[in-house]
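Remarks on the overall topology
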Amino acid sequence: MSRTEAREQAFVFLFEKLFNPELSFDELCALAAQSRVFEPDLYTRDIFEKTVENIETTDSVINSYAKKWRTARMPKVTLCILRLAVTEILLTEATPDSVAANEAVELAKKYATPDDAQFINGILGAVIRGKAQ
């Protein structure tokens, strides 16, 4: 499985967890396996768990760069994509920042609107520039 596919699976699990916060990664995987073909992946698990463990940190970062928007008001798809990407940018070294941002924009193009993709691109660009300082 490619990193892109693993990242997309992690996004789907993060989105599902918003509606089922009590479920663990393994329980979400079991549900996914019942409803469709599902291929477990170590990177999916790793980035999902790292994102869930660091939601307060990532939300704080997102809120600091999102002018006039707070995570509580953002569309859930946009929020999950941002959380995943900010986690990759700030808390992992496995993925270059530009790749994490580009993959997030591609997820937004697939699951959200063009405006969401632009919003995500702007936030992540600011996060990357802020990280470099």
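Below, the structure is looked at part by part. (Residues numbered from 1 in each chain as written. Predicted model: local features only at pLDDT ≥ 70, side-chain atom pairs only at ≥ 80, totals over all residues. Heavy atoms only, no water.)

You can see T92 is positioned in the loop between α5 (76-91) and α6 (97-111). Each C-alpha atom of the pair T92 and I47 lies 8.6 Å from the other, and the pair is 45 residues apart in sequence. Non-local contacts of T92, meaning those with residues more than four positions away in its chain, are made with I47, K50 and T87. Among the polar contacts made by the side chain of T92, one reaches the main-chain carbonyl oxygen of E88 at a distance of 2.6 Å. (Helix = DSSP H or I, 4+ residues; strand = E, 2+ residues; numbered from the N terminus. Contact = heavy atoms within 4.5 Å. Polar contact = N/O pair within 3.5 Å; in protein donor to acceptor, adjacent residues only side chain to side chain.)

Burial of nonpolar side chains together is a common tendency in soluble globular proteins. Core analysis: the largest hydrophobic core is formed by 37 residues, its most contacted members being I81, I120 and L124. Counting only elements with at least two residues in this core, the list comes to α1 (3-19), α2 (25-35), α3 (42-53), α4 (55-65), α5, α6 and α7 (114-132). Ignoring anything within four residues of it in the chain, the contact list for I120 reads T78, I81, L82, A104, V105 and A108. (Core = buried A, V, L, I, M, F, W, Y, C linked by side-chain atoms within 4.5 Å. Buried < 20%, exposed > 50% of the residue type's maximum accessible area, 1.4 Å probe, protein only.)

In the contact formed by α4 and α5, the axes pass within 9 Å of each other and the chain directions differ by 100°. Compared by their axis directions, α4 and α5 come out roughly perpendicular. Where α4 abuts α5, its residues I55, T58, D59, V61 and I62 lie against L79, L82, R83, V86, T87 and L90. (Axes fitted to C-alpha atoms, helices over the stretch in contact; angles between N-to-C directions. Parallel < 35°, antiparallel > 145°, perpendicular 65-115°, else oblique.)

Take the environment of D46 next. Tracing the sequence through the fold places D46 in helix α3. Residues D46 and L82 lie 36 residues apart in sequence; the distance between their C-alpha atoms is 17 Å.

The next thing to look at is the side chain of E88. One can find E88 in helix α5. Among the residues examined, E88 registers a relative accessible area of 0% and is labelled buried. Polar contacts involving the side chain of E88 include one to the side chain of Y43, which spans 2.4 Å. Each residue touching E88, except ones within four places of it in the same chain, is listed here: R7, Y43, I47, T95 and A100.

This part covers the state of the cysteines. Between two cysteines, a covalent bond joining their sulfur atoms is known as a disulfide. According to the stated counting rule, one finds 0 disulfides in the structure shown. Here C29 is not disulfide-linked; the sulfur of C80 is the nearest cysteine sulfur, at 16 Å. You can call C29 buried: its relative accessible area is 11%. You can call C80 buried: its relative accessible area is 1%. (Disulfide = S-S within 2.5 Å.)

Further remarks concern α4. T58, D59, V61 and I62 are the residues of α4 that are buried. All buried residues of α4 fall inside an arc of 160° around its axis, so they share one side. Where α4 is buried, its residues contact α5 and α7. (Arc of directions from axis to C-beta.)

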